[in-house]
Amino acid sequence: MMKMEASFDTEESFDDPSCLAPQPPVSPAKRTINEVKETKTTINGVTFPLPGEGPEQQLLKPNEWSYCDYFWTDKKDPQGATSVVGFEVLVQKQLKGKQMQKEMSEFIHERIKIEEEYAKNLSKLSLSPLAAQEEGTLGEAWTQLKKSLHDEAEVHLKFSNKLHSEVEKPLLTFRGDGFKKDLKKYEHHLADLRKQLTSRYAGVEKARKALADRQKDLEVKTQQLEIKLSNKTEEDIKKARRKSTQAGDDLMRCIDLYNQAQSKWFEEMVTSSMELEKLEVERIEWIQQHLRQYTTLRHETDMFNQSTVEPVDQLLQNVDPGKDRELWVKENKTGEVRPVDLDI
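Each value, and the rule that gives it
Residues numbered from 1 in each chain as written. Predicted model: local features only at pLDDT ≥ 70, side-chain atom pairs only at ≥ 80, totals over all residues. Heavy atoms only, no water. Salt bridge = Lys/Arg side-chain N within 4 Å of Asp/Glu carboxyl O. Helix = DSSP H or I, 4+ residues; strand = E, 2+ residues; numbered from the N terminus. Expected span 1.5 Å × (residues − 1). Bend = angle between axes of the 7 residues up to and from the residue. Axes fitted to C-alpha atoms, helices over the stretch in contact; angles between N-to-C directions. Parallel < 35°, antiparallel > 145°, perpendicular 65-115°, else oblique. Nonpolar A, V, L, I, M, F, W, Y, C, P; charged D, E, K, R; others polar. Patch = residues over 30% accessible without salt bridge, like charges linked within 9 Å, V, L, I, M, F, W, Y side chains within 5 Å. Areas by Shrake-Rupley, 256 points an atom, 1.4 Å probe, with all protein chains shown as cover. Buried < 20%, exposed > 50% of the residue type's maximum accessible area, 1.4 Å probe, protein only. Contact = heavy atoms within 4.5 Å. Core = buried A, V, L, I, M, F, W, Y, C linked by side-chain atoms within 4.5 Å. pLDDT = per-residue confidence, 0-100. Phe/Tyr/Trp six-rings, centres within 6.5 Å; stacked < 30°, edge-to-face > 60°. Pairing = 2+ DSSP bridges. Left-handed = near helix turned anticlockwise from the far one by under 90°.

As for the pattern of salt bridges
For side chains of opposite charge, pairing can occur when their charged atoms come near one another.
Phase 1: Evaluation of the coordinates by the stated rule reveals 15 salt bridges.
Phase 2: A salt bridge links lysine 93 to glutamate 280; its shortest N-O distance comes to 3.5 Å. Here lysine 93 is found in helix α1 (residues 86-126), whereas its partner glutamate 280 is found in helix α4 (residues 234-317), with 187 residues between them in sequence.
Phase 3: Notably, a salt bridge pairs arginine 111 with glutamate 115, separated by 2.7 Å at the nearest N-O pair.

So, α4
An α-helix turns once every 3.6 residues. As a result, residues three or four positions apart point the same way.
Phase 1: For α4, spanning 84 residues, the distance from its first C-alpha to its last is 122 Å, which sits close to the expected 124 Å at 1.5 Å a residue.
Phase 2: By the largest-angle criterion, valine 309 marks the main kink of α4, which is about 30 degrees, and a proline, proline 311, follows within four residues.

Looking at the packing of helix α2 (residues 136-173) against α4
Phase 1: The interhelical angle for the contact between α2 and α4, taken along N-to-C directions, is 170 degrees, at an axis separation of 9 Å. Here α2 lies roughly antiparallel to α4, going by the angle between them.
Phase 2: Counted by class, the contact of α2 with α4 contains 17 nonpolar, eight polar and seven charged residues.

Points about a nonpolar patch on the surface
Phase 1: The grouping of Met100, Met104 and Leu291 at the surface amounts to a nonpolar patch, some 210 Å² of accessible area in total.
Phase 2: By relative accessible area, which is 30% here, methionine 104 ends up partly exposed.

A word on unusual backbone geometry
Phase 1: Phi is positive for asparagine 63, which is not a glycine, with a value near 65 degrees.
Phase 2: Within the secondary structure layout, asparagine 63 lies in the loop between β2 (46-49) and β3 (75-76).
Phase 3: A positive phi angle is found at arginine 175, which is not glycine, with a value near 60 degrees.
Phase 4: For arginine 175, the position within the fold is in the loop between α2 and α3 (178-226).
Phase 5: Looking at arginine 175, the relative accessible area reads 15%, which means it is buried.

Here we look at the environment of alanine 207
Phase 1: Here alanine 207 is to be found in helix α3.
Phase 2: Distance in space between the C-alpha atoms of alanine 207 and arginine 253 is 9.2 Å, their sequence separation being 46 residues.
Phase 3: The residues contacting alanine 207, other than those within four sequence positions of it, are Asp250, Leu251 and Cys254.

Re the nonpolar core
Looking at soluble globular proteins, one finds that nonpolar side chains tend to be buried together.
Phase 1: The biggest cluster of nonpolar side chains holds 30 residues, and the ones touching the most others in it are Trp72, Phe87, Trp265, Val270 and Leu276.
Phase 2: When residues of this core are traced back to their parent elements, those giving at least two are β2, α1, α3 and α4.
Phase 3: Residue contacts for tryptophan 265: discarding those within four places in its chain leaves Val46, Trp72, Leu190, Leu193, Arg194 and Leu197.
Phase 4: Ile108, Ile287, Tyr294 and Leu297 belong to the second-largest nonpolar core, a separate cluster that totals nine residues.

Description of the confidence of the model for the chain
Phase 1: Of the residues in the chain, 88% have a pLDDT of 70 or more, and the chain-wide mean is 87.
Phase 2: Within the chain, no element has a lower average pLDDT than β3, which sits at 86, and none a higher one than α1, at 96.

Section: the packing of aromatic side chains
Phase 1: One pass over the full model with this rule turns up seven aromatic pairs.
Phase 2: Ring plane angle 80 degrees and centroid distance 5.9 Å describe the contact between tyrosine 67 and phenylalanine 71, whose orientation is recorded as edge-to-face.
Phase 3: Judged by its relative accessible area of 16%, tyrosine 67 falls in the buried class.
Phase 4: Grouping aromatic residues by their ring pairs yields a cluster made of Trp72, Trp265 and Phe266.

So, the pairing of strand β1 (residues 40-43)
Phase 1: Of the pairings in the sheet, the one linking β1 to β2 comprises four bridges and is antiparallel in character. Bridging from a neighbouring strand, isoleucine 43 pairs with valine 46 of β2.
Phase 2: Taken together, β1 and the strand that follows it, β2, pair antiparallel across an intervening segment of two residues, in which asparagine 44 is found at a positive phi of about 50 degrees.

Focus on the packing of α1 against α4
Phase 1: Relative orientation of the contacting elements α1 and α4 amounts to 15 degrees, with a least axis distance of 10 Å. The angle between α1 and α4 places the two elements in the roughly parallel class. Where α1 crosses over α4, the two elements pack in a sense that is left-handed. Contact residues: α1 offers Phe87, Leu90, Val91, Lys93, Gln94, Gly97, Met100, Gln101, Met104, Ile108 and Arg111, while α4 offers Met269, Ser272, Ser273, Leu276, Leu279, Glu280, Arg283, Ile287, Tyr294 and Arg298.

In structure tokens form, the structure reads like this:
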């Protein structure tokens, strides 16, 4: 895992933009490239320290697993054909989060449709004439049971309406179409800085090669003069030495430009990645808030449904077969005089 330089507050400006800049050689024209010990490696235009070289780098945000600490290197795509820069991984995370949010809204929408259909069927069933002629205390309980279906239907209908306004709609409208455009701005800005960095590194490599060529030319001419294999004069040697020195100065200038570009990219990477990190925290907290609202509404629905059943429970407890028999007899009796035997 790549660690970065000593810990500091990333919300403050960078006082030293060259904090990651590799130090240029003191006098590149006076020594060959092979004499310089390699302590760094450059991958896709970005320079990193080799393992075990230099002081150990500390995380910028220790113990926070912050985006700004873990996305500096490029990542191979699944096919391995191209590399995906670390910031692009963060952008794709944001886009995936937007899609997940949309799918959650669609899920809640499906739940709303089920609740609406359920409410419709409950209401329809509550109007059923089945067993409408039941009498007495049992008839009262049966009537209340059917009424409770209508009341329950109202509860589910209200639940579906609240799901729409308090859960589905907020999930659907959180961060509109402009959000993707904002992400593109971040992406394009970092991509431009990365292109500049790559271009500057190409300039360094070109200058490094030019210096090596000049050094080799100077070495050859010096040897030829020493063994008198050519008519080169001391003036030719001085001219070659001046060109070598100029090539060394050009290399140092290119390295300085490269380091400036890398420092700018580094600063923008930290700032932008932490902004995306903040956006991800906001997204998770927003969804958490509205899914908790879903569970609150669900508990309320259960509570109201319970209240529709309570009258039914009470009436069922009051069902009295003896009372029902009394009521029925009083209403339907045909006479209390019993027959007697016939006398001769």
